[in-house]
Each structure stands twice: as C-alpha cells, then as structure tokens.
Amino acid sequence: MDVKPDSERMDIGDVVENVDTAATSNQNSQTAKIGDSTESTSEAGPSSASASEEPMEDEGDHNGPIVMIMVGMAASGKTSLTQRITSELMRKGTPPYIINLDPACLDPPYPVNIDIRDVVKYKKVMEVYNLGPNGAIVTSLNLFATKFDEVINIIKQKRKTHQYVLIDTPGQIEVFMWSASGSIITESLAALFPTVMIYVTDLISNVNPITFISNMTYACSMLYKSKLPLIVTLNKCDAIDPTFAKEWITDFDAFDSALQSREEYTSNLASSLALGLEEFYNKIEHVVVSAYDGFGMDDFHNAVQKSVNEYETVYKPMYQKLVEEKKAKTMKKQKQQLGKLKKDLHTSGDADSCFVVPGRDAGTGMTLRLDNESDSSTDDEDANVKEENEEESFSQVLNKEATRRSEKYTDDQGQGASGASSKI
Amino acid sequence: MRFAQIVMGPAGTGKSTYCGHLEKHAQATKRAIRIVNLDPAAEKFDYEPLADVRNLIQVEDVMEDEELKLGPNGALLYCMNYLMDNLEEWLLPEIGEEYDGDYIIFDCPGQIELYTHMDLMKRFVKQLDQWNFRVCGIFAMDAHFLTDGAKFIAGSLVALSTMVNLEIPHMNILTKMDLLGKRDRRNIERFLEPDAHDLLKEEAETPWNAKFLELSEALGKVLDDYSLVKFVPLDIRKSSNMENILLIADMVMGVSEDADVKVKDFEEPDPEEEQDRDLDREFSEYLGTLNVND
Ligand SMILES: Nc1nc2c(ncn2[C@@H]2O[C@H](COP(=O)(O)OP(=O)(O)OP(=O)(O)O)[C@@H](O)[C@H]2O)c(=O)[nH]1
Ligand SMILES: Nc1nc2c(ncn2[C@@H]2O[C@H](COP(=O)(O)OP(=O)(O)OP(=O)(O)O)[C@@H](O)[C@H]2O)c(=O)[nH]1
Ligand SMILES: [Mg+2]
Ligand SMILES: [Mg+2]
C-alpha cells in the first residue's frame, strides 16, 4: 500500500484545520494538472475549507437550487422518474442539474452533469479493495463522498443558472440511507439547499398489502432518519389502477379488510403498523405518477413546492438552531466522520487508483484525489476566486463525459418519440 | 426440534462479523452452533461455514453471464431465487439431519428488497418451519447511525418493514459498539430502555418534532407492543454481550424453558446498574402479541 506518510497524516488529522498549508500541496506530485500550475495546485484547498467552515457564511442563504434526492427500492423507477422529471423541467425551460450516484448503472437515459462513474471506477474498486458487487458500491460511494464538498461548490455556482438539482441514487436503498457516505451527502446538501427526499415506490408490487405496509413503514423510517420533507411517489400508475393505494392511504378499514383477505399472514403487526402510520399519511405528501406517460407530474411539482415551503419552516429552523447550538461540535463530528472515512479507504486499499486518473481516463485536470485535502486557505476573498477556479477544473474533468452523454441524449431524443420511451 | 437465527440487516453492518464471533463464542462455551452462509455475494467471512451458498451459485458468475445481462441487484435476486428453488435438493443435504441441540445461524444478504418485495425469504422461513425449525430473526444495525431518538425510531421501522413480511419474532442488535466513544455509548444506553414512547421526549422542541409528535407517539406504541427487546448492544469484545443475545434468542425460540443463565449487564464495570427486567414475563406477553402457538 503506497500511502504517502504525509497525506496519511493529513487524512487522519484535522485536514481542514491546517489552514496555512496551501503551498504544501506541491509536495504531492499527484496534484499536477493540466493548465496553469500555480492556479491548479491551490484549487484543492478551498473546497475542503468550504465544507467545514463556509456553511456558517452561507447560513440564511438557502435560496439555492431545489435539490430532489430520488430514493427507492431496486427497480422502483428512480432512473425513469428522473428522466421524466427532467423532460418536464426542460419543457418548462428550467432544465435541472443532474447528478448520478449509482456507480454500477448502465448509461442513464438523461443528460448527466456529474456522474459518479466519471470520478470513481467501480470495477477498479472491486479489484483494489477485493470487494464483491455490493461492497464495491458502498466503497465507491464512500470515495465519492470524500469529494462531495467539491460537488457542493459546483451546485453553489449553479444557483444562477439552475433552479433544480436532481440526484439519482443506487438501487440498493440501504447503501444510501444507512451509510456514512449517504448521510454526509444528504446532510451537506440539506444544510445549504432546500432539499426534498423523493421516495419512489412501485404500485405494481404494492398490490400486496404486506408489501404496501412494508414500503410505507420504510418510507416513514426515511422521514425519521433524514428529517427532511418527504414525497411518497407511487410510480407506474400506467400499468395498474392506483385506486387501491389511494384508498389504503386514506382509509384504514379499507386496508385492513384487504389485509384480512390474505390468509397467509396471521400476525396483526401489519394492521398495527397501518394504524400507527395514519398520522404519517396525514402529514406527508403522496402523489400517484407514471414515469412512462407522465401522469401526475403536475401533482408532483405541487408536492415539491409544498415540500420546499416545509423545508423553510420546519427543517431550516432546525438546521439553524443546530448550527447555533452545536456549531463547533457538529462540524467537528462531520469532519471526523469524513476523516475516518478517508483513513479507512486508505488503509484498506490504494484509494487513489480507484479515482479516474488525470490524463488517462478523463484527459483533463483533476483535483479529485484523496490526499489533496491538506491544503487550505483562510483568505476568504482568495477562497472565492479559487472556488471558481476549482469549479472550472472539476467541471473540466466531468465535462467531456457529460458532453458526450448529452450529445447521446439529444440523439436519443431525436430518435424516440418521447424522452421517456426512448430508453425504456 | 431444530433452532435457527436468521441474521439480516443493511450492507456492511456486521452480520458476518457477528456470525464469526458467535461461532467462537459457541466453541468456547461448548455449544453446538453452526453457521450457514446464504449471501451469494459474500466476499469474506471468518467462520467455517457448515454450508456456503456460493458453492451453489455466485453473484459474479451471474453478472458476467452474457445472456442474463444483470446488474448487482438483479444478479443477487437471481441467485436467491435459484437458492429458494434448490432448498430441498441443496440446502437440506448440506445442513444434514436434525439432532439434539441443533442450532444453525443463517448469514443473509443485506438487500432489503429480498424481504419487502419478494416472497423469497418468506418461502425460506416456511421451509424452515416444515423442517421443524424454530426461528428467531436477528436484525443488525450499526450503532453509529443510531445516535438519537429519531434515528432509533428510524432503525426500528426498518427492522419492522422487514419483519412484517417474515412474521417471525426478532430482536435488533446494535453492532460496532466497540468503536463508539464513551459518551456516544452512554447516549445509546438511554435508548435501550424498554419504553420507546419516550425516545423523543428528551429531544429539543423543534418545529419538526412538534409536527410529528403524534406520529412519534403512535409509532412508539407500535414499537412497544411488538418488540420483546428493541435493541441489544453488541460489543464483539465482550462475551457477555454475545451471551445476552443468545439468551434472548433462546427464550424467543423456547430453546430451554428453564433457562437459568442470568442476563448479564451490558456495561460490565457497572455492577450496580443491574438489568432487573423480567424478561420471562415480557417474553410471554410478546408471544401473545405474535400469535405464536407452541
Ligand atoms: N409500466 C411502467 N414501468 C416503469 C415505470 N417507471 C419505470 N418502469 C420500469 O421499471 C423498471 C425499473 O426502472 P428504473 O427506472 O431503472 O428503476 P430504478 O429505480 O432506477 O432501478 P435501479 O436503479 O436498478 O434500482 C424498468 O423496467 C422500467 O422500464 C412506469 O412509470 N411505468
Ligand atoms: N470494530 C468492529 N468492526 C466491525 C463490527 N462489525 C463489523 N465490523 C466491520 O465492518 C465491516 C463489515 O462487516 P461484515 O461483518 O462483513 O458486515 P456484513 O453485514 O456481513 O456485510 P455484508 O455481508 O456485505 O452486507 C468489516 O470490516 C468488519 O470488520 C464490530 O462489531 N466491531
Ligand atoms: Mg436506477
Ligand atoms: Mg456478510
């Protein structure tokens, strides 16, 4: 394992507290990038500084783009719905900024702006860490999370041009909901932007009342886990009449009698849960949609709007209070978490080799390396300037791929009758 | 009568680690407990499996299959389906005949869809029942993610979303306790009390808590009614933790009706903080709620 002692030290220790070491980044040959060298070597600094220190300055500045995080069980239709929402938003003249967090997906049917697959090599992760398919998804997401502050910076920049950010997540819902990286990603977004969780669930499998209650219980757990506005999105209504689900949500007795008709289930846990969840149904937005034919998209957008308002009144104050009360503590904890993540990634494998390597895969300047975090700058003005550079450089990396995809997407659009049907 | 634990929980929470330590603990305490790996995507584990599903089918092979064209998720489901179709032919011969004190731990994959959307695991549980097994579900959750009352509710709900499908008695275990600092550990201890009702009481009055107050209370009630023990800590360095889990599982399955081993306290250095819960009584009440007929 060729972890540089220097970078190792930085990773364990307080990466960000080392504020005066901007110049030291030159020690790492890996920081070399195409383009102006003085400029690029200092780029990595502000990103890490911003993750831990800037949120204070951003406090109250929440009018960034609306972030929708698409979460759901495997094959519920997250990707299709992302595509549908995208084409709706494009039609309205407000194209979203799209981030794909599924390292193992096939080419998604929408134009991706930031793709985890351009940053982390999933197959390489399997090799380097000697992991199976699932472990590799977890680790890829961890690697990406160590770079998420850079993504945040980019989103900040997109404030002016984009009203929406869409985030597609891996099929394994647990990997996103119950992992350190999932928390880091969700929390850092929610801290800065109005963020809404879109829980996508598949109506077809929900005809079984047990699956239905199981799904709703899971959705409710997401509410408690993230404390973010949640929209339960019942997808695929083109394939099945959604009346049953609407009834079950509004009428406990309707659900219970459906349940009683299933003889294979004998315990009354399901109906107790249904009773317990009545209050959940009352408080949470739920919409019936079809990613295929676009049904329900107006309802969906209304729900998003309501949720954003809720974010402002319910979530934002909570976050601000958190910031006031445990400012230092929370930040430190996040930093520790990130530091630990990095350390683990380094000690259990050659983390660097899993990132797309500058000049080989992406062919552009690349700041995304674990060990660049060490350099930081306190000078705010300076930081802002650099932040922009940073953004440029990070975009450069992703640009090539993004352009390729969006060209491909436009082609697809041209061929298919509609965006939604072209790829599905 | 045979006995089994089905070990479930999100990816990387420590299911296989628990199984490995349980094996060692069993050897040390001379209990015949054997482990079966049912995760076709398992990378490594440090126990000697009695049977290993990877000898039947492997996720990698399925993923590489040119015709199937499956991603990690689809491939796993494919494997599990294949396993369920081969329980009689493959698994039964592997685990052999029933004998006295027969006790098997099944180390399962983490994907929640297996439990919520497919009847795969339900089929498995039914099959075990036919094979004369009594079953206890073990749901493993990483203690790092359960640092406050709301997250405890979240974790309990994830477990219930699984258990509502399987209809087996279960307990949640809190893994990686050894990695927590003292303060976090103290914090978590507060949530190990029997009353889920109070989970959110101590939290600050935020607009969020106010908005969902009624929901939290309703859920707290469901959790109280349906869990014998909501969370049992697992610090893998402490054999007392392992013993505690085994004991509760024994009671759940009725391994020995006159279990005379005492439940050990989880913080060993704190002898005065005795766990004076009447687990036997709680257990019978719990069974009542489950309609388990012995
Ligand atoms: N009938 C119908 N099928 C849909 C709809 N949305 C998605 N599907 C189908 O459901 C399957 C899964 O869709 P995806 O969009 O890939 O779902 P996903 O949640 O991104 O899947 P993973 O990323 O693998 O977890 C595909 O076969 C889609 O064609 C819909 O609105 N109606
Ligand atoms: N210190 C400590 N580490 C643990 C504990 N449990 C698990 N780990 C570590 O966490 C990682 C994942 O543990 P596993 O036991 O493989 O988790 P799993 O739930 O079987 O994972 P999957 O089968 O991939 O879903 C390993 O690196 C373990 O060493 C624990 O109680 N304490
Ligand atoms: Mg997808
Ligand atoms: Mg395992």
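What counts, and at which threshold
- Residues numbered from 1 in each chain as written.
- Chains lettered and ligands numbered in written order.
- Predicted model: local features only at pLDDT ≥ 70, side-chain atom pairs only at ≥ 80, totals over all residues.
- Heavy atoms only, no water.
- Helix = DSSP H or I, 4+ residues; strand = E, 2+ residues; numbered from the N terminus.
- Buried < 20%, exposed > 50% of the residue type's maximum accessible area, 1.4 Å probe, protein only.
- Contact = heavy atoms within 4.5 Å.
- Areas by Shrake-Rupley, 256 points an atom, 1.4 Å probe, with all protein chains shown as cover.
- Expected span 1.5 Å × (residues − 1).
- Pairing = 2+ DSSP bridges.
- Axes fitted to C-alpha atoms, helices over the stretch in contact; angles between N-to-C directions.
- Salt bridge = Lys/Arg side-chain N within 4 Å of Asp/Glu carboxyl O.
- Patch = residues over 30% accessible without salt bridge, like charges linked within 9 Å, V, L, I, M, F, W, Y side chains within 5 Å.
- Lys, Arg positive; Asp, Glu negative; His and termini not counted.
- Charge placed at Lys NZ, Arg CZ, Asp CG, Glu CD.
- Near = heavy atom within 4 Å.
- Polar contact = N/O pair within 3.5 Å; in protein donor to acceptor, adjacent residues only side chain to side chain.
- Nonpolar A, V, L, I, M, F, W, Y, C, P; charged D, E, K, R; others polar.
- pLDDT = per-residue confidence, 0-100.
- Arc of directions from axis to C-beta.
- Buried area = accessible area lost by both parts, 1.4 Å probe.

Asker: Which residues make up the overall build of chain A, and what values go with them?
Answerer: Within chain A, the secondary structure is distributed over 18 helices and seven strands. Split into buried and exposed, the 424 residues of chain A put 64% on the buried side. For chain A, the share of sequence-separated contacts (at least 6 apart) that also reach a separation of at least 24 residues comes to 80%. For chain A, the exposed surface amounts to about 15,600 Å²; the carbon and sulfur share of it is 49%.

Asker: Explain helix H5 (residues 78-91) of chain A residue by residue, including any values.
Answerer: All names here are of chain A. With 14 residues, H5 extends 20 Å from end C-alpha to end C-alpha; this agrees with the ideal 20 Å at 1.5 Å per step. Taken across its 14 residues, H5 has 11 buried, putting it largely inside the fold. Restricting attention to buried positions, one finds in H5 the residues Lys 78, Ser 80, Leu 81, Thr 82, Gln 83, Arg 84, Ile 85, Thr 86, Ser 87, Glu 88 and Leu 89. Positioned one or two residues after H5, Gly 93 has a phi angle of 80 degrees, which is positive.

Asker: For the sheet that holds strand S6 (residues 170-175) of chain B, give the residues involved together with the corresponding values.
Answerer: Residue and element names in this part refer to chain B. Spatial strand order, S3-S2-S4-S1-S5-S6-S7: seven strands in an open sheet with parallel pairing. Looking at the sheet topology across the chains shown, the edges are occupied by strand S3 (51-52) and strand S7 (231-233). Sheet analysis places S6 next to S7, joined by three bridges and oriented parallel. Opposite Leu 174, over in S7, you have Pro 233 as the bridge partner. With respect to the sheet, helix H1 (residues 15-28) is in contact with strand S1 (2-8), strand S2 (33-37), strand S4 (103-107), strand S5 (133-142) and S6, its orientation differing from that of S1 by roughly 145 degrees.

Asker: Got a sec to walk through the pattern of salt bridges? Specific residues and values, please.
Answerer: Residues and elements named next belong to chain A. Summed over all chains, the structure comprises 21 salt bridges over all chains. Residue Arg 84 is joined to Glu 88 by a salt bridge in which the shortest nitrogen-to-oxygen separation is 4.0 Å. In this pair, Arg 84 and Glu 88 both sit in helix H5, four residues apart, roughly one turn of the helix. Given a relative accessible area of 10%, Arg 84 falls into the buried group. Judged by relative accessible area, Glu 88 falls into the buried class, the value being 10%.

Asker: Mind laying out the pairing of S4(B), listing which residues take part and the relevant values?
Answerer: Regular strands place side chains that alternate from one sheet face to the opposite one. Residues and elements named next belong to chain B. S4 sits mainly inside the fold: five of its five residues count as buried. Judged by which residues are buried, S4 turns out to be covered on both faces: Tyr 103, Ile 105 and Asp 107 on one side and Ile 104 and Phe 106 on the other are all buried. Of the pairings in the sheet, the one linking S1 to S4 comprises five bridges and is parallel in character. What sits directly across from Ala 4, in S4, is Ile 104. For S2 and S4, the ladder comprises five bridges, and the chain directions are parallel. Paired with Val 36 across the strands is Phe 106, a residue of S4.

Asker: How would you explain a nonpolar patch on the surface if you had to name every residue and give the values?
Answerer: On the surface, B:Leu68, B:Tyr78 and B:Tyr82 cluster together into a nonpolar patch covering about 250 Å² of accessible area. With respect to the helices and strands, B:Tyr82 occurs in helix H3 (residues 72-85).

Asker: Go over a negative patch on the surface with me, naming the residues and quoting the values.
Answerer: Residues and elements named next belong to chain B. Judged by side-chain charge, Asp 61, Glu 64, Asp 65, Glu 66 and Glu 67 come together as a negatively charged surface patch. In this fold, Glu 66 is placed in the loop between helix H2 (59-64) and H3. According to the relative accessible area criterion, Glu 66 is exposed, its value standing at 67%.

Asker: Explain the site of ligand 2 to me, and be specific about the residues and the numbers.
Answerer: Residue and element names in this part refer to chain B. Surveying the vicinity of ligand 2 reveals the residues Ala 11, Gly 12, Thr 13, Gly 14, Lys 15, Ser 16, Thr 17, Asp 39, Lys 176, Asp 178, Leu 179 and Ile 236. Within the contact set of ligand 2, an oxygen atom lies 3.2 Å away from a backbone nitrogen or oxygen of Thr 13. Considered on its own, ligand 2 offers 650 Å² of accessible surface; in the complex 70% of this is hidden by protein. The class makeup of the residues in the shell around ligand 2 is three nonpolar, five polar and four charged.

Asker: A description of the confidence of the model for chain A should follow, citing residues and the corresponding values.
Answerer: All names here are of chain A. For chain A, mean pLDDT is 75; residues scoring 70 or higher make up 66% of the total. Ignoring residues within four places in sequence, the model shows residues 1-62, a span with pLDDT below 50, making 124 contacts including any to other chains. A low-confidence stretch, residues 412-424 stays under pLDDT 50, and its non-local contacts, those more than four residues away or across chains, total 18 contacts.

Asker: Could you give me a rundown of unusual backbone geometry, with the residues and numbers involved?
Answerer: Even without a glycine there, the phi angle at A:Ala75 is positive, about 65 degrees. Mapped onto the elements of the fold, A:Ala75 is located in the loop between strand S1 (66-72) and H5. The backbone of B:Lys69 sits at a positive phi, close to 50 degrees, despite the residue not being glycine. Topologically, B:Lys69 is positioned in the loop between H2 and H3. According to the relative accessible area criterion, B:Lys69 is exposed, its value standing at 71%.

Asker: Provide a residue-level description of helix H13 (residues 243-250) of chain A, including the pertinent values.
Answerer: All names here are of chain A. What H13 keeps buried is the set Phe 244, Ala 245, Trp 248 and Ile 249. Mapping the buried residues of H13 onto a view down its axis gives an arc of 130 degrees, with all of them on the same face. Along its buried surface, H13 packs onto helix H12 (209-226), strand S6 (230-235), helix H14 (252-260), helix H15 (269-283) and strand S7 (285-288).

Asker: Hey, could you go over the interface of chain A and chain B for me, with residue numbers and the actual values?
Answerer: Every contact between the two is made by 57 residues of chain A and, on the other side, 55 residues of chain B. Summing both sides of the interface, chain A and chain B together bury roughly 4,900 Å²; the carbon and sulfur share of this comes to 67%. Contact with chain B buries surface across chain A, with A:Trp178, A:Tyr224 and A:Leu269 losing the most and accounting together for 16% of the total. Taken together, the links from chain A to chain B amount to nine residue pairs in polar contact (both at pLDDT 80 or more). Residue assignment for the side of chain A that touches chain B shows that the elements contributing at least two residues are helix H7 (122-128), helix H8 (133-145), helix H10 (173-177), helix H11 (180-192), H12, H15 and helix H16 (297-347) of chain A. Counting residues per element, the side of chain A that touches chain B draws most heavily on H12(A), which supplies 12 residues. For the side of chain A that touches chain B, the per-class residue count stands at 28 nonpolar, 20 polar and nine charged.

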